[in-house]
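# Residue-level structure breakdown
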Amino acid sequence: VIQGAVNGKGPAKKMRGYVQLAPRGIPISKEVLEFLHASQGGFIGGPLDCTVDIGKNGQKMRVNRIDSNMSRSADNSEPVFVGAVRGNVILPKEGSWSMVLHNHDTGDVSPLPDNITVPLIRIGQLIKQGDILKLNQDPDGQLLRLANPTEILRLPSSGTINFGLLQTTDTQKALFLTPSFKKLTDITKTGTLLSKTPPLFADSYRILSSKGIFPNIGNAVTTFGDVIKLDSNFDKDILSDGGVLVLKLMQINEKNALGELQKEGMKLKQAANSQFPLPSRWNLINEDYLKIYVEYKTEKNDGSQKEDGKLNYDVNSFASNVAENWKSRMNNLSMIVDLGPFKRLMKVKGNFDSNKGSEASFKGSDSDPSFPSPQIEFSDVLEPVIAILQILQDLQGAKYGDALKKGLKIAMSNSADSWEYKFEASKEIPVVKFPIPDTVYNSPQTPLKLEAGLKVGFYFNAALKITTDAKKLLPTAGAFIDFYGRLSVMCVSLAAATVYAVGQVELGIAADTKVGPSLRMKFGFGAQIVVGLPVVGNVSILYMVGVEIYASSTELIVSASLLFQGHADLLAGLVSITITIEAKGTIKRTDERTDCSVQVTFAIDISIFLVINIDFSTSWQENRQVA
């Protein structure tokens with residue numbers, strides 16, 4: 001006891017006790033004592049207010065109760081009674097630590113309820129020799145365990161509830177289950193957090209798939225569910241828990257030569273600069289029409305050999321460099337999307353880097369010049385599109401590799417308080433035009449004009465909400481690919497006027513776990529007249545007819561449209577005027593009804609450089625249910 005003691009003892013009031021009235025001089029049987037405990041909910045005791053140092057390790061625990069508990073022997077043949085100290089473990093301020101519960105039967109991990117405190121127990125049978133009570137074995141050779149009294153002797157089985165220490169950061173979590181401590185006889189030595197269970201690590205992708213505070217970990221003995229088991233690089237102690245030698249996981253606090261506490265915190269006791277191996281693959285979404293998965297191995301775009309993924313995870317509250325207080329670096333990752341029949345449509349390769357004091361990022365390798373940033377790789381089915389865009393980009397004098405690098409967007413968030421986790425990766429190549437510059441592109445003497453753009457990506461957004469609708473508990477995830485292209489070919493040219501044949505297409509393929517797969521096609525054909533007026537500028541008139549089709553698992557929409565558009569650039573682009581008139585008819589069919597709608601839109605846009613910008617649009621629409 002380090003606080004709240006009087007002459008080395010913790011005083012207590014309002015302790016529940018019993019006086020035996022009969023039979024006189026004959027101790028009650030174990031069965032009667034078991035019945036007495038059962039009549040009081042399984043434990044008998046009372047409040048206690050003090051702070052203890054568990055085994056002189058420097059790990060403090062604020063005690064609020066001490067009691068006697070009902071348990072069973074290892075073979076479940078007879079009752080056993082366990083004295084337990086209950087309270088709140090004082091956790092490090094650095095690193096967002098908390099206590100959690102693990103259900104052996106379901107594998108679920110949940111926060112420690114407000115009305116539940118953590119029990120501290122130790123094997124050591126109290127026996128009577130003559131008039132003296134003593135322990136039948138050396139208590140210093142037994143583990144001090146944060147565990148339920150029911151688990152004092154028995155092996156993990158049905159009904160077992162384990163306690164654990166959970167470290168939470170923005171993008172990953174680590175669980176130290178079944179914590180235990182060894183009593184130190186030399187107070188100048190640093191304490192150690194021990195456990196028969198290796199640390200259990202949940203990276204961002206496993207968090208994305210979880211609806212709880214931590215992914216399911218199975219029974220944490222023979223199965224470990226959805227987490228990564230960090231079972232290498234730790235030394236074993238001579239003490240055992242349930243027949244399993246415990247691992248030396250973390251140093252607790254720092255002491256001076258007099259055994260006085262210098263600094264509170266944790267430090268992972270792994271080999272210096274050691275890395276943990278990672279599994280081969282993890283599925284985020286596995287539907288017939290959509291698959292999003294992570295491969296913990298990758299190869300760089302220069303064709304070098306594949307490398308297996310490695311995790312560099314460390315906790316060091318005592319490091320002078322803030323970035324070393326905790327860190328998690330996962331190397332050689334690939335996030336891959338299968339969209340419908342397109343296998344490995346998009347692959348994003350990189351390293352995930354997270355440490356204290358900086359925002360988590362998905363990036364390349366600082367030490368590898370060939371891998372300076374996340375790399376993207378497309379399926380063979382996209383090669384013609386990529387080739388066109390590359391040619392256009394090269395013709396405009398830009399480096400296509402740089403454009404790819406700048407267009408890749410990775411976004412991830414993890415709000416542990418609301419149990420909401422998001423991930424998004426997308427690559428957008430903005431619309432590129434040929435030829436350049438705009439004065440040449442808009443010139444009526446240009447024989448061919450080409451525009452193209454591409455956007456491809458995937459997302460995952462899981463939110464746990466209080467709702468009775470089961471569908472709202474399902475994660476929303478999806479992938480998409482959108483392509484835009486427009487081609488204008490000179491047909492007739494007379495002096496300053498040119499007639500172009502124009503074709504335009506927009507194609508979108510997407511899949512979402514809530515709405516299923518969908519397809520959107522929009523294509524149009526028309527003619528455009530462009531006139532170049534000396535001094536004044538260029539004037540163009542476009543007439544186009546188009547068809548748009550959208551199909552998903554729940555609805556079909558077919559539209560036809562007519563478009564008139566007039567555009568004028570005056571005074572070398574200082575003044576720009578665009579007038580648009582569009583008429584559109586749509587048939588929309590769902591499982592329940594069919595609707596018809598017509599719409600006419602008029603829009604005008606006037607821009608005078610640095611002076612005025614007028615943007616006006618109005619529409620008329622009529623809707624009717626036809627079936």
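Residues numbered from 1 in each chain as written. Predicted model: local features only at pLDDT ≥ 70, side-chain atom pairs only at ≥ 80, totals over all residues. Heavy atoms only, no water.

Below, the discussion takes up the overall build of the protein chain. Across its full length, the protein chain carries five helices and 39 strands. By the burial criterion, 42% of the 627 residues in the protein chain qualify as buried. In the protein chain, of all internal contacts separated by at least 6 residues, the share reaching a separation of at least 24 is 58%. Total accessible area on the protein chain stands at roughly 32600 Å², and carbon and sulfur atoms take up 56% of it. (Helix = DSSP H or I, 4+ residues; strand = E, 2+ residues; numbered from the N terminus. Buried < 20%, exposed > 50% of the residue type's maximum accessible area, 1.4 Å probe, protein only. Contact = heavy atoms within 4.5 Å. Areas by Shrake-Rupley, 256 points an atom, 1.4 Å probe, with all protein chains shown as cover.)

What follows covers the nonpolar core. Core analysis: the biggest nonpolar cluster contains 76 residues, and Phe-176, Tyr-205, Leu-284, Tyr-296, Tyr-313, Met-330 and Phe-458 have the highest contact counts within it. Leave out the neighbours within four places in its chain, and Phe-176 touches Trp-97, Gly-164, Leu-165, Leu-193, Pro-199, Leu-249, Met-250, Leu-268 and Tyr-313. Membership of the second largest hydrophobic core comes to 14 residues, among which are Val-100, Val-109, Leu-177 and Ala-220. (Core = buried A, V, L, I, M, F, W, Y, C linked by side-chain atoms within 4.5 Å.)

By the bridge criterion, five bridges tie strand E17 (residues 244-255) to strand E18 (residues 261-268) in an arrangement that is antiparallel. If you follow Lys-255 over to E18, its bridge partner there is Leu-261. Counting the residues between successive antiparallel strands, the hairpin from E17 to E18 contains five residues, one of them, Gly-259, with a positive phi of roughly 85°. (Pairing = 2+ DSSP bridges.)

Secondary-structure assignment places Ile-213 in the loop between helix H2 (204-208) and strand E15 (228-229). Separated by 47 residues in sequence, Ile-213 and Leu-166 place their C-alpha atoms 9.5 Å apart.

What the six strands build is an open sheet, ordered E5-E4-E10-E11-E14-E15; its pairing is antiparallel. Edge strands, defined here as strands with exactly one partner in the open sheet, are strand E5 (109-111) and E15. By the bridge criterion, two bridges tie strand E14 (residues 200-202) to E15 in an arrangement that is antiparallel. Bridging from a neighbouring strand, Phe-201 pairs with Ile-228 of E15.

Here we take up the confidence of the model for the protein chain. Averaged over the protein chain, the pLDDT score is 84; the fraction of residues at 70 or greater is 87%. The model gives residues 463-467 a pLDDT under 50, and that stretch makes ten contacts with residues more than four places away or in other chains. (pLDDT = per-residue confidence, 0-100.)

Right, let's talk about the pairing of strand E24 (residues 310-315) for a bit. With five of its six residues buried, E24 lies for the most part within the structure. Where E24 and strand E25 (residues 326-339) come together, six bridges link them in antiparallel fashion. Paired with Asn-312 across the bridge in E25 is Arg-329.

Here we take up the pattern of salt bridges. Taken as a whole and assessed by the stated rule, the structure comprises 20 salt bridges. A salt bridge links Asp-203 to Arg-206, with the nearest nitrogen and oxygen atoms 3.6 Å apart. Neither residue differs from the other here; Asp-203 and Arg-206 are each classed as buried. Of the charged contacts in the structure, one is a salt bridge between Arg-520 and Glu-506, with a shortest N-O distance of 3.6 Å. With Arg-520 in strand E34 (residues 516-533) and Glu-506 in strand E33 (residues 497-512), this pair connects stretches of sequence that are 14 residues apart. (Salt bridge = Lys/Arg side-chain N within 4 Å of Asp/Glu carboxyl O.)

The subject of this paragraph is unusual backbone geometry. Note: most peptide bonds trans; most residues except glycine with negative phi. In this model, Ala-22 is joined to Pro-23 through a cis peptide bond whose omega is -5°. You can see Pro-23 is positioned in the segment before helix H1 (30-39). Positive phi outside glycine occurs at Lys-56, with the angle close to 60°. Checked against the element boundaries, Lys-56 lands in the loop between strand E1 (43-53) and strand E2 (60-72). Although it is not a glycine, Ala-220 adopts a positive phi angle of roughly 60°.

With that out of the way, let us pick up the packing of aromatic side chains. This structure, assessed with the given rule, holds five aromatic pairs. Relative to Phe-176, the ring of Trp-97 lies with its centre 5.7 Å away and its plane at 35°, an arrangement referred to as tilted. Here Phe-176 lies in strand E11 (residues 173-177) and Trp-97 lies in strand E4 (residues 97-103), a separation of 79 residues in the sequence. Residue classification places Phe-176 among the buried residues on the basis of a relative accessible area of 1%. A cation over an aromatic ring shows up here: Arg-206 above the ring of Trp-282, its NZ or CZ 4.4 Å from the ring centre. Positioned over the ring face of Tyr-500 is Lys-449, at 4.5 Å from the centre of the ring. (Phe/Tyr/Trp six-rings, centres within 6.5 Å; stacked < 30°, edge-to-face > 60°. Lys NZ or Arg CZ within 6 Å of the ring centre and 35° of its normal.)

Let us now look at the side chain of Gln-504. Assignment of secondary structure puts Gln-504 in strand E33. Other than its neighbours up to four places away in sequence, Gln-504 contacts Tyr-484, Gly-485, Arg-486, Lys-522, Phe-523, Gly-524 and Met-544.

Turning next to the side chain of Thr-117. Assignment of secondary structure puts Thr-117 in the loop between E5 and strand E6 (118-122). In contact with Thr-117, other than residues within four places in its own chain, are Asn-64, Arg-86, Gly-87 and Asn-88.

Another point: the environment of Lys-522. Tracing the chain through its elements places Lys-522 in strand E34. Assessed through its relative accessible area of 31%, Lys-522 is described here as partly exposed. The spacing of Lys-522 and Ile-549 is 27 residues in sequence and 6.4 Å in space, taken between C-alpha atoms.

Take the environment of Leu-382 next. Relative to the helices and strands, Leu-382 is located in the loop between strand E28 (375-378) and helix H3 (383-395). Leu-382 sits 40 residues away from Phe-342 along the chain, and the two C-alpha atoms are 9.7 Å apart.

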